[in-house]
Amino acid sequence: RVSSNGRYFETEDGQDFFWLGNMPWLPVKISRSEMSQYLDARQAQGHTAISIAAHNFALHNANNPLYNGEGAFEQFGPVVLNEAYWRYIDWIVDEAAAHNLYVALAAMWGYDGDMLFNDPYQDNYDYGYFLGQRYGDRTNVILVAAGEFINIKCAAENYCSFAGPITPEQKTLLRRIADGFRDGSARHDPEGKILITLHGTTINEAERVGGEFHDDAWVDFYLEQTWNHISYTDEAFTFDWNLS
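First things first, this report covers the structure right here in the doc. (Residues numbered from 1 in each chain as written. Predicted model: local features only at pLDDT ≥ 70, side-chain atom pairs only at ≥ 80, totals over all residues. Heavy atoms only, no water.)

Some words on the nonpolar core
Consideration 1: If you look at the biggest cluster of nonpolar residues, it comprises 48 residues, and the most contacted ones within it are Trp 86, Ile 89, Leu 105, Tyr 127, Leu 198 and Phe 213.
Consideration 2: In terms of residue count, the dominant contributor to this core is helix H2 (residues 83–98) (eight residues).
Consideration 3: The contact partners of Tyr 127, leaving out residues within four places of it in the chain, are Ala 54, His 55, Phe 73, Leu 81, Trp 86, Ala 107, Met 108 and Phe 117.
Consideration 4: In terms of nonpolar packing, the next biggest core, distinct from the first, is built from 14 residues, Phe 9, Ala 49, Ala 106 and Tyr 111 among them. (Core = buried A, V, L, I, M, F, W, Y, C linked by side-chain atoms within 4.5 Å. Buried < 20%, exposed > 50% of the residue type's maximum accessible area, 1.4 Å probe, protein only. Helix = DSSP H or I, 4+ residues; strand = E, 2+ residues; numbered from the N terminus. Contact = heavy atoms within 4.5 Å.)

What follows is the structure in structure tokens.
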């Protein structure tokens, strides 16, 4: 949970928790034995969390199959999920728990918020509801509405480009995923304990969670990435810290 002063993570009994995260992102592309080897290594290295994609959103190929040939969706509107695929995600989440790892589970990439489904306003909610309902009773899951939510447009499957700041309409569609998370998890989690967030890009204010979603009550904490933007890190963390 987030501490009462809104600054830190802590366990339910009030002990400090340090998020030492790693981002395999697409474990759905490797075998169970390879994933087990990965989890063994991360546990031995002292990691406390991993971030994974709920489906393979690489290169906006939403139904690119996982290791055994299964895809996440049987259809994109109304949303119909492929149960065989989600049993594999279940297994990853449970194996991570057995390795004392939290899983930040990202529903989609940011540009998928207005592109993945036939009726994004309804389908985003339905998909979020599904994830909330399925994982709301997992004590090691953090739900992430989307990865990098900057405005990207894809002219073709393998070509995407930056299209300017996120629009109000796109923000609404990402919020629909979070609404689905909370409603779907309510049966398991009536007190709203499961943490929900977004994954930003850090580079500038318009691409940070705090810059765009600070007033959204469903955002429990901010994620910033540092993988190749180290020159932006101090600025980004200071920006977030100075928010009230």
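What about the environment of Tyr 125?
Consideration 1: You can see Tyr 125 is positioned in helix H3 (residues 120–135).
Consideration 2: For the pair Tyr 125 and Asp 183, spaced 58 residues apart in sequence, the C-alpha separation works out to 9.3 Å.
Consideration 3: Apart from the residues lying within four places of it in its own chain, the contact partners of Tyr 125 are Pro 120, Arg 176, Asp 179, Gly 180 and Asp 183.
Consideration 4: A polar contact is formed between the side chain of Tyr 125 and the side chain of Asp 183, at a distance of 2.7 Å. (Polar contact = N/O pair within 3.5 Å; in protein donor to acceptor, adjacent residues only side chain to side chain.)

Focus: helix H1 (residues 32–44)
Consideration 1: When the terminal C-alpha atoms of H1 are compared, their 18 Å separation across 13 residues agrees well with the 18 Å that a helix rising 1.5 Å per residue should span.
Consideration 2: All of the buried residues along H1 are Met 35, Ser 36, Tyr 38, Leu 39 and Arg 42. Around the axis of H1, the buried residues are gathered within 160° of arc, so they sit on the same side. The exposed set on the far side of H1, more than 90 degrees from its buried face, consists of Ser 33, Gln 37 and Ala 44.
Consideration 3: Remark: Gly 46 follows H1 within two positions and exhibits a positive phi of approximately 90°. (Expected span 1.5 Å × (residues − 1). Arc of directions from axis to C-beta.)

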